[in-house]
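Listed here are the chains, written in short residue letters.
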Amino acid sequence: MGLRAEEFLSARLALRTADVPVPDLASWFDGPAVWRVRGLDANEIAKVDMADRRHEQTAALVAALDNGAATEITDAARSVLGRGTDIESVYARQIEIVTLGSVDPVGDHALSAKLGEKFPIVFKSLFKAIMALTGKGAEPEKKPTGCGETAESDPPSP
């Protein structure tokens, strides 16, 4: 019952992906309204765990810049950072998860934050799909289909 470590180490594994229908966003898609997401790896989960600290640092930066004379700088910093100072730390983590787990469209913090603010149920659906894929772990890489295979004909008659 031991782990076949060599076999495991040499296995070609890929993070799982899924297509999540997002019909509420159809007017912003050219083609089917589908958002492709993937599971996260351990390093990305560590980034998510650090999202709280980054959020606190962002809030401190914005507060330092927001002294009344630098409101333009503050607004620009908020825009670049893609979030305000009044979001919950759990939501900051969810933004990080949706950003890292988005494959197509490729996410960034501003996109994920706006999606969460304006389409919270769609945002939550993407978040849940990414978490489910992450929980399942990687899977063997899929081999391309139709690669060099030919249909066999009937054997010749004797």
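None of the values given here were measured: they were computed from a predicted structure. (Residues numbered from 1 in each chain as written. Predicted model: local features only at pLDDT ≥ 70, side-chain atom pairs only at ≥ 80, totals over all residues. Heavy atoms only, no water.)

K.L.:
With reference to specific residues and values, describe the overall build of the protein.
P.N.:
The helix and strand inventory of the protein stands at seven helices and five strands. Counting from the amino terminus, helix and strand elements in the protein follow one another as α-β-β-β-α-α-α-α-β-α-α-β. Relative to its full complement of 158 residues, the protein shows a buried share of 30%. Within the structure as shown, the protein displays about 10,900 Å² of accessible surface, and the carbon and sulfur contribution to it stands at 56%. (Helix = DSSP H or I, 4+ residues; strand = E, 2+ residues; numbered from the N terminus. Buried < 20%, exposed > 50% of the residue type's maximum accessible area, 1.4 Å probe, protein only. Areas by Shrake-Rupley, 256 points an atom, 1.4 Å probe, with all protein chains shown as cover.)

K.L.:
Kindly report on the nonpolar core, identifying the contributing residues and their values.
P.N.:
Counting 25 residues, the largest nonpolar core has Val22, Leu25, Trp35, Val37, Leu115 and Leu126 as the members making the most contacts within it. Of all elements in the fold, only β3 (34-38), α5 (89-101), α6 (109-118) and α7 (120-136) reach the threshold of two or more residues within this core. The element best represented in this core is α7, accounting for seven residues. Leave out the neighbours within four places in its chain, and leucine 115 touches Leu25, Trp35, Pro120, Val122, Phe123 and Leu126. (Core = buried A, V, L, I, M, F, W, Y, C linked by side-chain atoms within 4.5 Å. Contact = heavy atoms within 4.5 Å.)

K.L.:
Break down the sheet that holds strand β2 (residues 17-21) for me, with residues and values.
P.N.:
If you trace the three strands from one edge of the open sheet to the other, you get β2-β3-β4, paired in antiparallel fashion. Edge positions in the open sheet fall to β2 and β4 (102-104), since each of these has one partner strand only. For this sheet, the mean angle separating the axes of adjacent strands, direction not counted, is 40°. When β2 meets β3, the two strands line up antiparallel, connected through five bridges. (Pairing = 2+ DSSP bridges. Axes fitted to C-alpha atoms, helices over the stretch in contact; angles between N-to-C directions.)

K.L.:
Which residues make up the layout of surface pockets, and what values do they have?
P.N.:
Quantified by volume, the largest pocket comes out at close to 220 Å³. Among the elements that line the lining of the largest pocket, the one with the most residues is α6, at four residues. Class assignment of the residues belonging to the lining of the largest pocket gives a composition of eight nonpolar, no polar and two charged. (1 Å grid on protein atoms, 1.4 Å probe; cavity = no way out; pocket = protein on both sides within 12 Å on 5 of 7 lines; lining within 4 Å. Points joined across faces, edges and corners; volume = space filled by probe spheres on them. Nonpolar A, V, L, I, M, F, W, Y, C, P; charged D, E, K, R; others polar.)

K.L.:
Give me the lowdown on the pattern of salt bridges, citing residues and values where you can.
P.N.:
Tallied over the full model, the rule gives six salt bridges. Between arginine 4 and glutamate 7 there is a salt bridge, with its nearest N and O atoms 2.7 Å apart. Judged by its relative accessible area of 57%, arginine 4 is exposed. For arginine 36, the salt bridge is made with aspartate 19, and the minimal N-O distance between the two is 3.1 Å. Of this pair, arginine 36 sits in strand β3 while aspartate 19 is found in strand β2, placing the two residues 17 residues apart along the sequence. Residue arginine 36 is classed as partly exposed on the basis of its relative accessible area, which comes to 31%. Look at aspartate 19 and you get partly exposed, because its relative accessible area is 44%. (Salt bridge = Lys/Arg side-chain N within 4 Å of Asp/Glu carboxyl O.)

K.L.:
Describe the packing of α5 against α6, naming the residues involved and giving the relevant values.
P.N.:
Taken N-terminus to C-terminus, the directions of α5 and α6 make an angle of 120°; their axes are 9 Å apart at the nearest point. If you check the angle between α5 and α6, you find them oblique. For the element pair α5 and α6, the recorded crossing hand is right-handed. Contacts between α5 and α6 pair Tyr91, Ile95, Glu96, Val98 and Thr99 from the former with His109, Ser112, Ala113, Gly116 and Glu117 from the latter. Tallied by class, the residues present in the contact of α5 with α6 amount to four nonpolar, four polar and two charged. (Parallel < 35°, antiparallel > 145°, perpendicular 65-115°, else oblique. Left-handed = near helix turned anticlockwise from the far one by under 90°.)

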